[in-house]
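# Close look at the chain arrangement
Spelled out from the first residue to the last, the chains are:
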Amino acid sequence: MSDLGAGFRYLLKGQRWVARHGKQYGFGLLPGLITLVLYAAALVALALWGEDAVAWATPFADDWSSPWLGLFRGFLTAVLFALALLLSVVTFTAVTLLIGQPFYENLSEKVDRDVSPDGHAPESGLALWRELWISARDSLRIVVRAALWGVLLFACGFIPVVGQTAVPVIGFFVTGFFLTEELTAVALQRRGVELRTRLGLLRSRKTLVWGFGTPLAVAFLVPFVAVFLMPGAVAGATLMARDLLGEENREDGAEGDGAVTTPPRPPSGSSSPAR
């Protein structure tokens, strides 16, 4: 359970880091604001025309008698909107990171320099277009995995009692895992860690990942909160990525005076980073 608390502390440390670096925080807000506008427009459009889309997709029900036609299509419209919200939470981070790649790369590098004993930040050495391509490709793979989990959890939601109690809780943990993967990818990709290795690192420390990502997943359900938490989430994920790779943090880095140095800890259950 100590890892669960450690994950949450990394989330708080990231927020405190950006609070002390106002310029980085301000730049980090821009991609989230852009993504928020795009997602809000899409959800409003779905709310306005979702029922029409459901009616178009279910012509076989046109001749059903009342109230079954209204109940059936109303249920499908609600399900469609619920799935859109779930995908919005899961994909918001991926899209924001893609739009804000230069901003968040710069922020993550500054966190690395701040906490590294030698003031060094790893660099990918790749051109920007190459980094964007890798980020988009890996994000798509994660979104597909998350969507499959979403379909499975949606189906399990019809199980009496369990579907209304355990499934939503599991959903937050699953969403938290994938959010953490997307956020730590900023620092890990810069170190040349491939997607499969990143997933192995995160699975080897699931409670750490859940402690970081699950509260974030819950917070992201609140409108506008995701925008303001994103810069700090990237900073905290960078600190956690250093922990996952066993990199040492200096005492006067992310936490200021009196911070505890993170001792080197070899990542278990994963291979070494490979280009």
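Residues numbered from 1 in each chain as written. Predicted model: local features only at pLDDT ≥ 70, side-chain atom pairs only at ≥ 80, totals over all residues. Heavy atoms only, no water.

### Side note on the pattern of salt bridges
For the record, the criterion: Each salt bridge in this description consists of a side-chain nitrogen of Lys or Arg and a carboxyl oxygen of Asp or Glu lying within 4 Å of one another. Note on classification: 1.4 Å probe, protein chains only; a residue is buried when its accessible area is under 20% of the maximum for its type, exposed when over 50%, partly exposed between these limits.
Tallied over the full model, the rule gives 13 salt bridges. For the salt bridge of E247 with R242, the shortest nitrogen-to-oxygen distance reads 3.4 Å. For E247, a relative accessible area of 21% gives the class partly exposed. One continuous salt-bridge network, built from bridges that share partners, spans E105, D112, R190, R191, R242 and E247.

### A few points about helix α9 (residues 225–244)
Where we set the bar: Helical segments are the DSSP runs of H or I of at least four residues, strand segments are the runs of E of at least two, and each set is numbered from the N terminus. Multiplying 1.5 Å by the helix residue count minus one yields the expected span of that helix. A residue's bend is simply the angle between two axes: one fitted to the seven residues ending at it, one to the seven starting at it.
If you check α9, its first and last C-alpha atoms are 27 Å apart, about what 20 residues at 1.5 Å a residue would give, namely 28 Å. Considering bend angle alone, the principal kink of α9 is centred on P231 and spans about 35°. Remark: G246 follows α9 within two positions and exhibits a positive phi of approximately 75°.

### Quick look at empty space enclosed by the protein
To keep it simple, the criterion reads: Residues are said to line a cavity or pocket when one of their atoms sits within 4 Å of a point; the points come from a 1 Å grid over protein atoms alone, cavities being sets where a 1.4 Å probe fits but cannot get out and pockets being open sets with protein on both sides within 12 Å along at least five of seven lines. Grid points are joined across faces, edges and corners, and a volume is the space filled by probe spheres set on the points. Gly is placed with the polar residues, together with every amino acid not listed as nonpolar (Ala, Val, Leu, Ile, Met, Phe, Trp, Tyr, Cys and Pro) or charged (Asp, Glu, Lys and Arg).
The full count for this structure, using the stated rule, is 4 cavities of 30 Å³ or more. Estimated volume of the largest cavity: approximately 100 Å³. Lining the largest cavity, in full, are L97, Q101, E105, S135, D138, S139, E181, E182, A185, V186, Q189 and R198. Elements with a contribution of two residues or more to the lining of the largest cavity: α4 (101–115), α5 (128–156) and α6 (162–190). For the lining of the largest cavity, the class distribution of residues is 3 nonpolar, 4 polar and 5 charged.

### Details of the side chain of E181
The line we're drawing: The criterion used for residue contact is that any of the two residues' heavy atoms lie within 4.5 Å.
Within the secondary structure, E181 sits in helix α6. Apart from residues no more than four positions distant in its own chain, E181 is found in contact with I142, L195, R198, L199 and L202.

### Topic: a positive patch on the surface
How we decide: Patch building starts from residues that exceed 30% relative accessible area and form no salt bridge, then joins like charges within 9 Å and nonpolar side chains (Val, Leu, Ile, Met, Phe, Trp, Tyr) within 5 Å. Computed with a 1.4 Å probe, the accessible areas rest on the Shrake-Rupley method; for each residue, only the protein chains presented here act as cover. Positive: Lys, Arg. Negative: Asp, Glu. His and the chain ends are not part of the count. Every charge is mapped to an atom, namely NZ of Lys, CZ of Arg, CG of Asp or CD of Glu.
On the surface, a cluster of positive charge is made up of R145, R196, R203 and K206. In this fold, R203 is placed in helix α7 (residues 195–204). For R203, a relative accessible area of 44% translates into the label partly exposed.

### Re the environment of F60
Along the polypeptide, F60 turns up in the loop between α2 (22–57) and α3 (68–99). On the basis of relative accessible area, F60 is assigned to the exposed category, the value being 53%. Distance in space between the C-alpha atoms of F60 and V111 is 57 Å, their sequence separation being 51 residues.

### Here's the deal with the confidence of the model for the protein chain
Inclusion rule: The pLDDT value tells you how sure the predictor is about a given residue, anywhere from 0 up to 100.
With 90% of its residues at a pLDDT of 70 or more, the protein chain shows a mean pLDDT of 82. With pLDDT under 50 throughout, residues 254–264 is counted as low confidence; its partners more than four residues away or in other chains account for 21 contacts. The low-confidence segment residues 266–275 (pLDDT under 50) makes 22 contacts with residues lying over four places distant or belonging to another chain.

### Some points on the layout of surface pockets
Within this model, the largest pocket holds a volume of roughly 500 Å³. Examining the composition of the lining of the largest pocket, we find that 6 residues originate from one element, α6, more than from any other. Considering only residue class, the lining of the largest pocket consists of 13 nonpolar, 5 polar and no charged.

### Topic: the packing of aromatic side chains
Two measures describe an aromatic ring pair: the distance that separates the ring centres and the angle between the ring planes. Note the cut-off: Only Phe, Tyr and Trp rings are paired, with Trp represented by its six-membered ring, and only when their centres lie within 6.5 Å; those with planes under 30 degrees apart are stacked, over 60 edge-to-face, the remainder tilted.
All chains considered together, the criterion is met by 8 aromatic pairs. Considering the side-chain rings of Y39 and F92, the 5.8 Å spacing of their centres and the 80° angle between planes classify their relative orientation as edge-to-face. In this pair, Y39 is assigned in helix α2 and F92 in helix α3, connecting sequence segments 53 residues apart. Residue classification places F92 among the buried residues on the basis of a relative accessible area of 6%. Ring centres 4.9 Å apart and planes at 45° place the aromatic pair W64 and F72 in the tilted group. Among the aromatic side chains, those forming a connected cluster through ring pairs are Y39, F92 and F220.

### Quick word on the nonpolar core
Which entries qualify depends on this criterion: Throughout this description, the term nonpolar core refers to a set of buried Ala, Val, Leu, Ile, Met, Phe, Trp, Tyr and Cys residues connected via side-chain atoms within 4.5 Å.
Grouped together as the largest cluster of nonpolar side chains are 44 residues, with contacts concentrated most on L183, F212, M230 and V234. At 10 residues, the largest contribution of residues to this core is made by α9. Core analysis: the next-biggest nonpolar cluster, separate from the first, contains 6 residues, L188, V193, L201 and A241 among them.

### A few points about the environment of P168
Relative to the helices and strands, P168 is located in helix α6. Accessibility expressed as a relative area gives 37% for P168, which makes it partly exposed. In sequence terms P168 and D62 are 106 residues apart; their C-alpha atoms lie 33 Å from each other.

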